[in-house]
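# Topology and contacts: notes
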Amino acid sequence: MSKRILYPVFLLLIPLIGMIITDEIKWDLFDFIIMGSLIIFLSVTINFVYNSPINIKSRLLYIGILVLIFTLIWAELAVGVFGTTFAGS
């Protein structure tokens, strides 16, 4: 496993710094674990699609679908866009 897989997890520094600066952001350890696993899964699957032997249009389509799914899951977990039981409080 390459160390580059963990680079996207540095995005978690954004909410961590935000928690230090302001009281508006309230994440606990579980939030960081869930978001870190989502980011790692997204980066690994994008890397897999990028290195697959399919044409560039299909790659871009699949990567776009992955990013869309990630965004929908993130929005649901953050604010409960769809009102499922997985939504945040």
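What comes next is a walk through the structure. Worth saying up front: this structure is predicted, and the values here are computed from it rather than measured.

Attention now goes to the overall build of the protein chain. Secondary structure assignment for the protein chain yields three helices and zero strands. Element order for the protein chain, N to C, with α for helix and β for strand: α-α-α. Computed over the C-alpha atoms, the radius of gyration of the protein chain is 15 Å, more than 25% above the 12 Å expected from 2.2 N^0.38 for a compact globule of 89 residues. Dimensions of the protein chain, computed from C-alpha atoms along their principal axes, come out at roughly 45 × 35 × 20 Å. Put simply, the protein chain has 89 residues, and 19% of those count as buried. Relative to all contacts within the protein chain whose residues are 6 or more apart in sequence, the contacts with residues 24 or more apart total 39%. Of the roughly 7,100 Å² of accessible surface on the protein chain, a fraction of 73% belongs to carbon and sulfur atoms. Separation of charge centres in the protein chain, based on 5 positive and 5 negative side chains, amounts to 25 Å.

Another point: the side chain of Thr45. Its place among the elements puts Thr45 in helix H2 (residues 29–50). Residue Thr45 is classed as buried on the basis of its relative accessible area of 16%. Within the structure, Thr45 has its side chain in polar contact with the backbone oxygen of Phe41 (distance 2.9 Å).

Here the focus is helix H3 (residues 56–79). Helix length check: H3 (24 residues) gives 34 Å between terminal C-alpha atoms against 34 Å at 1.5 Å per residue, within 8%. What H3 keeps buried is the set Ile63, Phe70, Ala75 and Glu76. Contacts from the buried residues of H3 go to H2. Looking one or two residues past H3, Gly80 carries a phi angle of roughly 70°, positive in sign.

Before going further, it helps to spend a moment on the environment of Ala78. Relative to the helices and strands, Ala78 resides in helix H3. Ala78 sits in the partly exposed class, given a relative accessible area of 44%.

To continue, consider H2. Since the α-helix advances by 3.6 residues per turn, residues separated by three or four positions end up pointing in the same direction. With 22 residues, H2 extends 31 Å from end C-alpha to end C-alpha; this agrees with the ideal 32 Å at 1.5 Å per step. Looking only at H2, the buried set comprises Phe32, Met35, Gly36, Leu38, Ile39, Leu42, Ser43, Thr45 and Val49.

Take a nonpolar patch on the surface next. Together, Ile54, Leu61, Tyr62, Ile65, Ile69, Ile73, Leu77 and Phe86 make up a nonpolar patch on the protein surface, roughly 720 Å² of accessible area in all. Mapped onto the elements, Tyr62 comes out in helix H3. Classification of Tyr62 as partly exposed rests on a relative accessible area of 41%.

Reading guide: rules and limits
- Residues numbered from 1 in each chain as written.
- Predicted model: local features only at pLDDT ≥ 70, side-chain atom pairs only at ≥ 80, totals over all residues.
- Heavy atoms only, no water.
- Helix = DSSP H or I, 4+ residues; strand = E, 2+ residues; numbered from the N terminus.
- Rg over C-alpha atoms; globule rule 2.2 N^0.38 Å.
- Buried < 20%, exposed > 50% of the residue type's maximum accessible area, 1.4 Å probe, protein only.
- Contact = heavy atoms within 4.5 Å.
- Areas by Shrake-Rupley, 256 points an atom, 1.4 Å probe, with all protein chains shown as cover.
- Lys, Arg positive; Asp, Glu negative; His and termini not counted.
- Charge placed at Lys NZ, Arg CZ, Asp CG, Glu CD.
- Polar contact = N/O pair within 3.5 Å; in protein donor to acceptor, adjacent residues only side chain to side chain.
- Expected span 1.5 Å × (residues − 1).
- Patch = residues over 30% accessible without salt bridge, like charges linked within 9 Å, V, L, I, M, F, W, Y side chains within 5 Å.
- Salt bridge = Lys/Arg side-chain N within 4 Å of Asp/Glu carboxyl O.

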